[in-house]
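Structural features, examined
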Amino acid sequence: MKIAVCVSHVPDTAAKIKIGSDAKSIDPTDVTYILNPYDEFAIEEALKTKEKFGGEVVIISLGNESNKESVRKALAMGADNGILLKDSGIRDSISLSKALAEEIKLQNADLVFMGKQAVDYDNSITGQLTAEFLGFNCVSVVIKFDIDGNKITAEREIEGGKEIVETSIPAIITCQKGLNEPRYASLKGIMAAKKKVIEEKNASVFENKSEVIQMSKPVGKQAGKIIGKDSSAVPELVRLLKEEAKVI
Amino acid sequence: MTNKILVILEQRDNNIKKVSYEVSKAGFELSQKLNCAIEAVIVGGEINDLSKIGNYGIKKITHLKNSELNKYSSSAYTKTIVEFLNEIGANIILIGNTSLGKDLAPRIAAKLDAGIAVDVIKIETSENNIIATRPIYAGKALVDIKINSEKKVFTIRPNVFNPGEPTENNSEIIVKEISSPDFSTKVIEVKKAEGKLDVAEASLIVSGGRGMKEAANFKLVEDLAEVLGAAVGASRAVVDAGWRPHAEQVGQTGKTVSPNLYIALGISGAIQHLAGMRSSKCIVAINKDADAPIFQIADYGIAGDVFEVVPALIAELKK
């Protein structure tokens, strides 16, 4: 089975975000970029599936040269091949998904894992969009995954519970924390990954359907007051919540 | 193209979800600004309170029924709704940013080749265009988005748009039986977490962090949540330590929440956590360390021991 994993290269979750001078993107100065945390679950699930059923895991990332770091990390975890779809333009989710769909088709992959969202734009729609453009089935926000022949049984997280979903390959699965414990890259894996060639090609360009008008910082919340240091402050706290904030 | 808005309502266990009232109100206000028609659709279920939607300004509601559609199916819901959309000629689609909305909206957008903006917290109009504002980087920044395609899909963040007081109640409800659609992806079972409120939807949240010291002490967090009728949340450290399930995690790799009241117990306030809860309307922090970053965004703080303060708070609330 050919398994594809699409990965993003994103600012570390600990990064402080500053708006860039164009007011349409962030200032990358002093920002460390990492493999999108949710994509680690996707890589792990792809590797586990390959270990069970055989096949090949290919990592696809769309972006610039620096995305190779994240591809390299996936290769070190045990993925077989990496592809960088080079792109310097600005993309919305629609044109991004179309470009990914095109590459997935070229790769002849019939099972695709992605993180449920990238922690930069927090869209959580790339998997579903890509599946529609490919005519694949899709289960999003998956916390448990099983495959038996062509048949997929997956659990997806919903408000206050979970849904058990049945579908079949070809499919895209978007992965949520809790699905698995991503493995660490072994030293052997890291050495092997250095030798692997990351294939580079230009990403296909599609029309964006939306554009960023401007980016801004949310209005800073003013620190309130520390009303005490022990339980003697409790009656005042309850009074404030009832009478001033009116939230209880 | 003449604008026409369609609001997709959501039912769970035959009740309309609260967020659907909020989306209806947001849609109604948008229809007034754009001076265009609006209607609503709901798929599946035996809805008891469908007429209530009319109270928020929507005069026409279509209920697409089929007993097989009572449970969500991404393939069947997509097909059913896209057919309905094409039939009525709507070009602006609004749905709640719920687990269903987040799953369904992009599929509809792909079928329509439409631009999409998710998790929207503000909708403005400018020269007959719609400008949607949404948080990115888990709320560390905001972005204003304009969709340039004729068809536009938006998902609306719960707890942000105030549905306000109901005013009138004279909507037309049309029930349509639909034939069995595409079930290539199907929910075969829904498992509910027993009696628990979900943090993503709750208007009150009590969250615990590493300052709770051990898993067993979360009883205190749960007790306070129970007195308030609040959902229980947790910081990443606590979830990573296995004290609480991931479904409760608030923060950049957990859930982003905007409740009316967020009480942080023993949470110091790492940047990832603050990102996930900073848009809460009122924040209370109880933490021994008066220099903890959580106090920088808290409306009210008690710089004391959670094990002393929280029992007193529970007792005071029970009075």
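Notes on the structure follow. None of these values were measured; they are calculated from a predicted model. (Residues numbered from 1 in each chain as written. Chains lettered and ligands numbered in written order. Predicted model: local features only at pLDDT ≥ 70, side-chain atom pairs only at ≥ 80, totals over all residues. Heavy atoms only, no water.)

As a further point, take the overall build of chain A. When its secondary structure is counted, chain A shows six helices and 13 strands. With respect to the principal axes defined by its C-alpha atoms, chain A has extents near 65 × 45 × 40 Å. Carbon and sulfur atoms make up 50% of the accessible area of chain A, which amounts to about 11000 Å² in all. Chain A carries 34 positive and 37 negative side-chain charges, and their two centres are separated by 3 Å. (Helix = DSSP H or I, 4+ residues; strand = E, 2+ residues; numbered from the N terminus. Areas by Shrake-Rupley, 256 points an atom, 1.4 Å probe, with all protein chains shown as cover. Lys, Arg positive; Asp, Glu negative; His and termini not counted. Charge placed at Lys NZ, Arg CZ, Asp CG, Glu CD.)

Our next topic: the packing of aromatic side chains. Tallied over the entire structure, the rule returns four aromatic pairs over all chains. On the basis of an interplanar angle of 50° and a centroid distance of 6.5 Å, the ring pair of Y38 of chain A and F41 of chain A is categorised as tilted. Taken together, the residues Y38 of chain A and F41 of chain A, both in helix α1 (residues 37–53) and three residues apart, mark about one turn of the helix. The ring of F183 of chain B carries K186 of chain B above its face, with NZ or CZ at 4.7 Å from the centroid. (Phe/Tyr/Trp six-rings, centres within 6.5 Å; stacked < 30°, edge-to-face > 60°. Lys NZ or Arg CZ within 6 Å of the ring centre and 35° of its normal.)

This part covers the interface of chain B and chain A. Residue-level contacts link 85 residues of chain B with 76 residues of chain A. Of the roughly 6900 Å² buried between chain B and chain A, counting both surfaces, carbon and sulfur atoms make up 56%. By the criterion of area lost to chain A, the three top residues of chain B are Y137, K140 and Y300 of chain B, representing 11% of everything that side buries. Inspection of the chain B/chain A interface yields nine salt bridges. We note a salt bridge from D103 of chain B to R156 of chain A, for which the minimum N-O separation is 3.9 Å. At the boundary of chain B with chain A, the tally comes to 47 residue pairs in polar contact (both at pLDDT 80 or more). With eight residues, the single largest contributor to the side of chain B that touches chain A is helix α3 (residues 99–112) of chain B. (Contact = heavy atoms within 4.5 Å. Buried area = accessible area lost by both parts, 1.4 Å probe. Salt bridge = Lys/Arg side-chain N within 4 Å of Asp/Glu carboxyl O. Polar contact = N/O pair within 3.5 Å; in protein donor to acceptor, adjacent residues only side chain to side chain.)

Moving on, we get to the state of the cysteines. Residues and elements named next belong to chain A. Per the stated rule, a full pass over the model turns up zero disulfides over all chains. With no disulfide of its own, C138 lies 10 Å from the sulfur of C175, the closest cysteine sulfur. On the accessibility criterion, C138 (1% relative accessible area) is buried. (Disulfide = S-S within 2.5 Å. Buried < 20%, exposed > 50% of the residue type's maximum accessible area, 1.4 Å probe, protein only.)

Below, the discussion takes up the environment of D110 of chain A. All names here are of chain A. Considering the arrangement of structural elements, one finds D110 in the loop between α3 (93–107) and β6 (111–115). Of the residues examined, D110 reaches a relative accessible area of 28% and is grouped as partly exposed. Sequence separation between D110 and A171 is 61 residues; the distance between their C-alpha atoms is 6.4 Å. Discounting residues that sit within four places of it in the chain, D110 has contacts with M1, K2, F136, I169, P170 and A171.

The amide bond that connects I169 of chain A to the next residue, P170 of chain A, takes the cis arrangement and shows omega of 5°. Relative to the helices and strands, P170 of chain A is located in the loop between β9 (161–168) and β10 (171–175). Of note in this structure, V141 of chain A is not a glycine but carries a positive phi near 55°. If you trace the backbone, V141 of chain A turns up in strand β7 (residues 137–148). On the accessibility criterion, V141 of chain A (18% relative accessible area) is buried. Unlike most non-glycine residues, D113 of chain B shows phi in positive territory, near 55°. Its place among the elements puts D113 of chain B in the loop between α3 and β7 (115–120).

Right, let's talk about the environment of G276 of chain B for a bit. Residues and elements named next belong to chain B. Along the chain, the position of G276 falls in helix α6 (residues 271–277). For G276, a relative accessible area of 0% corresponds to the buried category. Put simply, G276 and S235 are 41 residues apart on the chain and 9.9 Å apart in space, counted from C-alpha to C-alpha. Ignoring any residue separated from it by four or fewer positions in sequence, one finds G276 in contact with A138, V250, G251, K255, T256 and V257.

Moving on to helix α1 (residues 18–34) of chain B. All names here are of chain B. End to end, α1 covers 25 Å across 17 residues, agreeing with the expected 24 Å (1.5 Å per residue, within 8%). With twelve of 17 residues buried, α1 lies mostly within the body of the structure. Residues of α1 that are buried: V19, S20, Y21, E22, V23, S24, K25, A26, G27, L30, S31 and L34. In the stretch just after α1, N35 is the one whose phi turns positive, near 50°. (Expected span 1.5 Å × (residues − 1).)

The subject of this paragraph is the pattern of salt bridges. Residues and elements named next belong to chain A. One pass over the structure, following the stated rule, counts 44 salt bridges over all chains. E103 is the salt-bridge partner of K201, the closest N and O atoms lying 2.9 Å from each other. Of this pair, K201 sits in strand β11 (residues 198–202) while E103 sits in helix α3, and the two are 98 residues apart along the sequence. The class of K201 is partly exposed, set by a relative accessible area of 22%.

What the six strands build is an open sheet, ordered β13(A)-β18(B)-β17(B)-β16(B)-β14(B)-β15(B); its pairing is parallel. For this open sheet the edge positions go to β13 (225–228) of chain A together with β15 (231–234) of chain B, each flanked by a neighbour on one side alone. Pairwise comparison of adjacent strand axes, ignoring direction, gives a mean angle of 25° for this sheet. Pairing between β13 of chain A and strand β18 (residues 300–302) of chain B: three bridges, direction parallel. From the neighbouring strand, I226 of chain A faces β18 of chain B, where its bridge partner is G301 of chain B. Contacts from helix α8 (residues 306–318) of chain B reach β16 (261–265), β17 (282–286) and β18 of chain B within the one sheet, and its direction differs from that of β17 of chain B by about 130°. (Pairing = 2+ DSSP bridges. Axes fitted to C-alpha atoms, helices over the stretch in contact; angles between N-to-C directions.)

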